[in-house]
Amino acid sequence: MPDPLHRRPTLATIDLDALAFNLRAAREFCGSELKCMAIVKADAYGHGAVECSRRLEAEGIDWLGVAIVEEAIELRQAGISVPILILGSFWPGQERAIVDWNLTPVIYSSEQAFLLESAAALAGKVVDYHVKIDTGMGRIGVPYRETDALANKLSAAKSIRLDGLMTHFAVADDLEQLDFTNEQIDRFDHVVQKFRDLGFDPTHFDLANSPGAIAHPRSRRTMVRLGGILYGLGGDVLPGGIDKPVLRPVLSLRSSIAYLKTVAAGETI
């Protein structure tokens, strides 16, 4: 007898060729000289972090971005070898895992720097990190007005190296707030100069998320962070009325019609 609990499943399919297409389209649009970081946090927004990361690595992605240490370790265990940035930093006690798995954390406090420095020195390594500057998002990051104290403390570190400076836009998808986005860029540039004045020479400067990369050419520095547009979500994350790359949807959902019914005009539903 047929299983009375059997249901036709809703089928979700991932088109990794579309993912690769979107990466190439974004690169061509933004400039092939730029480094690209693919954001694969939250299981690549439900698309499958390991599968997407493998394809992106095969396509020559420069960096991957995740939210937490555990997501980065999952990718390393799956054989992913490209640089991985931990956007949400790390909890005390996770610093040794960062060293052991060759990860790059975002930091925004001297306490985090001390923990990372201690773990790196114990392992006899020099570990890279990126500093996140809060230029107006109001989320994690050292406030742009308070970077001097952190930069001075970081200048004394011997076992960790500043590899990048970054920030995150608050309203890059809203062209009516262009002045605020430009103000964030100006604040970031001011902080960059402060670090340079102290002798820092980071490799990466990244401000641009997906809407920043596409809608704000001024924000394209050495690297752009691509999230939604990699998965074909241009209509959701980009402002309207601008030039943009052609994108393909990566996720498809297919199901079956459960019931069709004819309802006369005027009847309640």
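Residues numbered from 1 in each chain as written. Predicted model: local features only at pLDDT ≥ 70, side-chain atom pairs only at ≥ 80, totals over all residues. Heavy atoms only, no water.

Draft legend 1. Local environment of the pairing of strand E10 (residues 223–226). Side chains Met223 and Arg225 of E10 all project onto a buried face; the interleaved residues Val224 and Leu226 project onto the opposite face, where all are buried too. Bridging between strand E2 (residues 35–39) and E10 involves 4 bridges; their strand directions are parallel. Pairing of lysine 35 across the sheet is with methionine 223, part of E10. (Buried < 20%, exposed > 50% of the residue type's maximum accessible area, 1.4 Å probe, protein only. Helix = DSSP H or I, 4+ residues; strand = E, 2+ residues; numbered from the N terminus. Pairing = 2+ DSSP bridges.)

Draft legend 2. Quick look at the side chain of serine 210. Mapped onto the elements, serine 210 comes out in helix H9 (residues 210–215). In this structure the side chain of serine 210 is engaged in a polar contact, spanning 3.5 Å, whose partner is the backbone nitrogen of glycine 228. Residue contacts for serine 210: discarding those within four places in its chain leaves Arg225, Leu226, Gly227, Gly228, Ile229, Val237 and Leu238. (Polar contact = N/O pair within 3.5 Å; in protein donor to acceptor, adjacent residues only side chain to side chain. Contact = heavy atoms within 4.5 Å.)

Draft legend 3. Local environment of the pattern of salt bridges. Under the counting rule described, the total for this entry stands at 13 salt bridges. Across the pair aspartate 62 and arginine 27 runs a salt bridge whose closest N-O atoms are separated by 3.7 Å. On the criterion of sequence distance, the pair formed by aspartate 62 in the loop between helix H3 (49–58) and strand E3 (63–66) and arginine 27 in helix H1 (residues 16–30) is long-range, its members being 35 residues apart. Salt-bridge contacts for arginine 221 lead to aspartate 189; the nearest nitrogen and oxygen are separated by 2.6 Å. Of the two residues, arginine 221 sits in the loop between H9 and E10 while aspartate 189 sits in helix H8 (residues 178–197), which places them 32 residues apart along the sequence. Residue aspartate 189 is classed as partly exposed on the basis of its relative accessible area of 27%. Salt bridges here are not isolated pairs; linked through shared partners, they connect Asp17, Arg24, Arg55 and Glu59. (Salt bridge = Lys/Arg side-chain N within 4 Å of Asp/Glu carboxyl O.)

Taken by themselves, the reported measurements are silent on function.
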